[in-house]
Amino acid sequence: MSEAARTKEEVLKDFRTQGILEAARRVIGDLGYAEASMERIAQEAGVAKGTLYLYFENKDGLLDQALGYGLDELVGVMHGAVELVDGALARLRAAVLAGVNHAREHRAFFQAVVDAGHAHPPRDDEGGRVHMDLLAGIVRDGVGVGTLRAVDPQRTARLISHAMSGLVAESLLRGRPFPGEDDVDAMLDVIFHGLAAGEPS
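None of these values were measured; they are calculated from a predicted model. (Residues numbered from 1 in each chain as written. Predicted model: local features only at pLDDT ≥ 70, side-chain atom pairs only at ≥ 80, totals over all residues. Heavy atoms only, no water.)

Engineer: Whenever I open this one, the overall build of the protein chain confuses me. Can you help?
Structural biologist: Along its length, the protein chain carries nine helices and zero strands. Seen in sequence order, the protein chain has helices and strands lined up from the N terminus as α-α-α-α-α-α-α-α-α. Counting the 201 residues in the protein chain, one finds 37% classified as buried. Sequence-distant contacts, at least 24 apart, represent 66% of the contacts inside the protein chain between residues at least 6 apart. (Helix = DSSP H or I, 4+ residues; strand = E, 2+ residues; numbered from the N terminus. Buried < 20%, exposed > 50% of the residue type's maximum accessible area, 1.4 Å probe, protein only. Contact = heavy atoms within 4.5 Å.)

Here's what the structure looks like:
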């Protein structure tokens, strides 16, 4: 098989996989995880049910990849957001807001996953590393030019990511409205400036 033919097949496979994952998110968001059958997802994706099993072992495997696809999508959204602003603090704010807004746009899917009791631990794959590296890179740049104090970039990135996830998780677990810009700014204010009012006299 030629390289061109192989590449064409890979592109087709990626395109079809993406369509299935997007269909899965819609169906799971609309019906809930328990009622979202492979047959219904296949119908939504416009493929035969048997086709799904060429790409995914079962519904749990499909869910896992749908969550991973969402993370990859999130990273792209965050990259686009931070490129529009300058300065470490502004870039971190843009990244967090993009993350929260992305989760809001797909709330029905994430709500269905949470309601079904599917815990999803932090990913340690390429998508998870790219997500953390984006935040860590912003922190590292800020430290380098002196706008941020000397902190560990990777550790700080994890703290910011966990805080962002916490805002989203609280809304999903307690059925509350999604955090708005004021909530994000309040969270980032504590991270950026701390709680101490000043040096004790």
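Resuming the write-up.
Engineer: Can you help me understand helix α4 (residues 59-82) in this one?
Structural biologist: Each α-helix winds once per 3.6 residues, and so residues spaced three or four apart point in a common direction. Helix length check: α4 (24 residues) gives 35 Å between terminal C-alpha atoms against 34 Å at 1.5 Å per residue, within 8%. The N-cap residue of α4 is asparagine 58: its side-chain oxygen and the backbone nitrogen of aspartate 60 are 3.2 Å apart. (Expected span 1.5 Å × (residues − 1). Polar contact = N/O pair within 3.5 Å; in protein donor to acceptor, adjacent residues only side chain to side chain.)

Engineer: Would you mind going over the packing of helix α6 (residues 107-115) against helix α8 (residues 153-174) with me for this structure?
Structural biologist: One can describe the packing of α6 onto α8 by two numbers: an axis separation of 9 Å at closest approach and a directional angle of 65°. With respect to each other, α6 and α8 are oriented roughly perpendicular. The handedness of the crossing between α6 and α8 is right-handed. For the pair α6 and α8, contact is made by Arg107, Phe110, Gln111 and Val114 and by Ser171, Leu172 and Leu173, respectively. Its residues assigned to classes, the contact of α6 with α8 comprises four nonpolar, two polar and one charged. (Axes fitted to C-alpha atoms, helices over the stretch in contact; angles between N-to-C directions. Parallel < 35°, antiparallel > 145°, perpendicular 65-115°, else oblique. Left-handed = near helix turned anticlockwise from the far one by under 90°. Nonpolar A, V, L, I, M, F, W, Y, C, P; charged D, E, K, R; others polar.)

Engineer: Mind showing me how you'd approach the pattern of salt bridges here?
Structural biologist: Pairs can form between side chains of opposite charge whenever their charged atoms are close. One pass over the structure, following the stated rule, counts seven salt bridges. Residues glutamate 170 and arginine 174 are paired through a salt bridge, measuring 3.9 Å at the closest nitrogen-oxygen approach. Note that glutamate 170 and arginine 174 are positioned in helix α8 at a spacing of four residues, about one turn of the helix. Judged by its relative accessible area of 34%, glutamate 170 falls in the partly exposed class. Members of the salt-bridge network, linked through shared partners, are Arg26, Arg40 and Glu44. (Salt bridge = Lys/Arg side-chain N within 4 Å of Asp/Glu carboxyl O.)

Engineer: How should α6 be read in this particular structure?
Structural biologist: Residues Phe109, Phe110, Gln111, Ala112 and Val113 constitute the buried set of α6. Positive phi appears at glycine 117, one or two residues downstream of α6, with a value of about 80°.

Engineer: How do you make sense of the nonpolar core when you look at a structure like this?
Structural biologist: The biggest cluster of nonpolar side chains holds 53 residues, and the ones touching the most others in it are Leu62, Val96 and Phe109. Sorting the residues of this core by element identifies α1 (3-31), α2 (38-45), α4, α5 (88-105), α6, α7 (126-145), α8 and α9 (181-193) as the ones contributing at least two each. The leading source of residues in this core is α4, at 11 residues. In contact with leucine 62, other than residues within four places in its own chain, are Ile20, Leu21, Ala24, Met38, Ile41, Leu52 and Phe56. (Core = buried A, V, L, I, M, F, W, Y, C linked by side-chain atoms within 4.5 Å.)

Engineer: Where do I start with the packing of aromatic side chains in this structure?
Structural biologist: Each aromatic ring pair is specified by the distance between its two centres and by the angle formed by the two planes. Applying the stated rule across the entire model yields two aromatic pairs. With 6.3 Å between their ring centres and 45° between their planes, tyrosine 55 and phenylalanine 56 make a pair best called tilted. The ring of tyrosine 33 carries lysine 59 above its face, with NZ or CZ at 4.3 Å from the centroid. (Phe/Tyr/Trp six-rings, centres within 6.5 Å; stacked < 30°, edge-to-face > 60°. Lys NZ or Arg CZ within 6 Å of the ring centre and 35° of its normal.)

Engineer: Just to check I follow, could you spell out the side chain of arginine 25 for this structure?
Structural biologist: If you trace the backbone, arginine 25 turns up in helix α1. A relative accessible area of 8% places arginine 25 in the buried class. Setting aside chain neighbours within four positions, we find arginine 25 in contact with Ala66, Tyr69, Gly70, Glu73, His106 and Phe109.

Engineer: Please explain the environment of valine 82 as it appears in this structure.
Structural biologist: Examined against the element boundaries, valine 82 turns out to sit in helix α4. Between the C-alpha atom of valine 82 and that of leucine 134, which follows or precedes it by 52 residues, the distance is 9.4 Å.

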